[in-house]
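Listed below are the residues making up each chain.
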Amino acid sequence: MSRQHTLLMPLDMHLHLRDGVMLETVAPLSSYTFSGAVVMPNLVPPITSKESLLAYKERVLLACGYGVDSDNFEDGDGLGGSDFEPLMTLFYQNYSEDFLQEVRDDIFAIKLYPAGITTNSEGGVESFDIETMRPTLEAMARMDIPLLVHGETDGFVMDREAEFMSIYKLLAENFPDLKIVMEHITTMAAVDMLERHENLYATITIHHLLITLDDVAGGMLAPHLFCKPIAKRPEDREALLKVALEAHPKVMFGSDSAPHPQHRKEACGCAAGVFTAPIALQLLCELFDKHGKLENLQNFVSDNAQNIYGICPEFKEVILENKEFKIPERYGEVVPIYAGKTIAWSIEDVI
Ligand code: NCD
Ligand code: ZN
């Protein structure tokens, strides 16, 4: 008799949905199993105005199945519909307090990218001059708008995240009332920061819990595992695993699922990003089960985020089963993580 495990209101606290045909392909895959997701603003051009934010939210909802027939994937029941909330973000710039007041009710957070550090981040922050950023960050703190950060310098690729810790420290100390989330952490150094600053939190992806740099580049190059930040050393993965498996109250699941068409990944100049959204919960179940920690998965995929952000997600019950699942070779134009491989857990039902 196979075992089942139920997750209530899973949340993906870091997700790339893109736009156009790609959005139509990937959005229903997340809205099927997640109650909500924090939608990243790194479109071309990035989301920096109220108009573009609201228009993008409309397109996301439409792609999730609001008012449209979404039978493009098998087992159509539950796909799309109203039980998924896109939590919209703005791309960080130095914004005026008036502008922030105007968008306050429409945004969940603001995402900061260092300029040029990852996909579509060219318009990001050029230099971390605290005094230049102070008016915006103080206004955000007053309005309780969280700051989500892609924390990498432009240093040597394996050191970029660790080097960014001094900037996190500066931000955390200068803006003690600002909620700062270290997105997709990959290092022991970032895990250590959680204990040092009360106002620092973190998201962790499933792929950084599973792979190290060896899986990306230790044998034949694996483009579908290439992402920013790059997967690090085994001891870094161990540090991430420890806080994820114990569902440390300051960590949350954020997939950083970042789809690119196959020809942009299997190319000279491979785009950064791992596509995990439709398999994330199955892989998390497999991983937590393997470590005998399934009882902590609910906190990691939902309750911690609810507590940290003070949110009440749409009701959803996802029943997973300890039954083999063969990961599809492709979703539309996108090759997912572990394409074609069989994993131990599958989605049995979504209520
Ligand atoms: C993301 C993307 O493709 O938008 N890529 C990635 O490797 N994670 C951007 C990001 O979050 O860095
Ligand atoms: Zn991302």
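Residues numbered from 1 in each chain as written. Chains lettered and ligands numbered in written order. Predicted model: local features only at pLDDT ≥ 70, side-chain atom pairs only at ≥ 80, totals over all residues. Heavy atoms only, no water.

## So, the pairing of strand S2 (residues 11-15)
Note the following rule: Note on classification: 1.4 Å probe, protein chains only; a residue is buried when its accessible area is under 20% of the maximum for its type, exposed when over 50%, partly exposed between these limits. In this text, helices come from DSSP runs of H or I with a minimum length of four residues, and strands from runs of E with a minimum of two, each type numbered from the N-terminal end. When the strands point away from the viewer, a crossover counts as right-handed if the path from the first strand over the helix to the second runs clockwise.
Counting buried residues along S2, five of its five residues qualify, which places the element largely inside the surrounding structure. Of the crossover connections in this fold, the one passing from S2 over helix H1 (residues 20-33) to the parallel strand S3 (residues 36-39) is right-handed.

## Details of the site of ligand 1
As a reminder, the rule being used: Working definition: residue near molecule or strand if any one of its non-hydrogen atoms lies within 4 Å of it. Pairs of N or O atoms within 3.5 Å make up the polar contacts considered here, provided that, within protein, one atom can donate a hydrogen while the other can accept it, and that residues adjacent in sequence are counted only when both atoms are side-chain atoms. A 1.4 Å probe and the Shrake-Rupley method give the accessible areas. Residues count as covered only by the protein chains that appear here.
Around ligand 1, 15 residues are found, and the nearest of them are Arg 18, Asn 42, Thr 118, Lys 228 and Asp 256. Lys 228 places a main-chain nitrogen or oxygen 2.8 Å from an oxygen atom of ligand 1. Asp 256 has a polar side-chain atom sitting 2.8 Å from a nitrogen atom of ligand 1. The protein chains hide 100% of the 320 Å² of surface that ligand 1 would expose on its own.

## Digging into the side chain of His 224
Heads up, the rule is: We call two residues contacting when some pair of their heavy atoms lies within 4.5 Å.
With respect to the helices and strands, the residue His 224 is situated in the loop between helix H9 (213-218) and helix H10 (234-245). For His 224, a relative accessible area of 15% translates into the label buried. Side chain to side chain, His 224 and Glu 266 meet in a polar contact 2.7 Å long. In this view, His 224 contacts Lys 265, Glu 266, Gly 273, Val 274 and Val 335; residues no more than four positions away in its chain are not counted.

## Regarding the pattern of salt bridges
Rules: Definition used for salt bridges: Asp or Glu carboxyl oxygen within 4 Å of a side-chain nitrogen of Lys or Arg.
For the coordinates displayed, the defined rule picks out twelve salt bridges. The closest approach of N and O atoms between Lys 316 and Asp 83, which form a salt bridge, is 3.7 Å. Here Lys 316 is found in the loop between helix H13 (297-309) and strand S10 (317-321), whereas its partner Asp 83 is found in the loop between helix H2 (50-64) and strand S4 (85-91), with 233 residues between them in sequence. The buried category is assigned to Lys 316, whose relative accessible area is 0%.

## Here we look at helix H4 (residues 130-142)
Put simply, the test is: Under the convention used throughout, the expected extent of a helix is 1.5 Å for every residue step, that is, one less than its residue count. Given a residue, its bend is the angle between the two axes fitted to the seven residues that end at it and to the seven that start from it.
End to end, H4 covers 17 Å across 13 residues, agreeing with the expected 18 Å (1.5 Å per residue, within 8%). Along H4, the sharpest change in direction is near 30 degrees and occurs at Thr 136. On its buried face, H4 is in contact with helix H3 (97-103), strand S5 (109-112), strand S6 (147-149) and helix H6 (165-174). Positive phi shows up at Asp 144, right after H4, with a value of about 60 degrees.

## What about the coordination of the zinc ion (ligand 2)?
Let me state the cut-off plainly: Only nitrogen, oxygen and sulfur atoms within 2.8 Å of the metal, or 3.2 Å for Na, K and Ca, are treated as donors, and water is left out, so sites may look incomplete.
Around the zinc ion (ligand 2), the protein contributes the donor atoms His 14 (NE2), His 16 (NE2) and Asp 256 (OD), which lie 2.0 to 2.1 Å from the metal centre. Coordination of the zinc ion (ligand 2) draws on donor residues from a single chain, spaced H-x1-H-x239-D in sequence. With a gap of 242 residues between them, His 14 in strand S2 and Asp 256 in the loop between strand S9 (251-253) and helix H11 (262-265) connect regions that are remote in the sequence. Here His 14 matches Asp 256 in class, with each residue buried.

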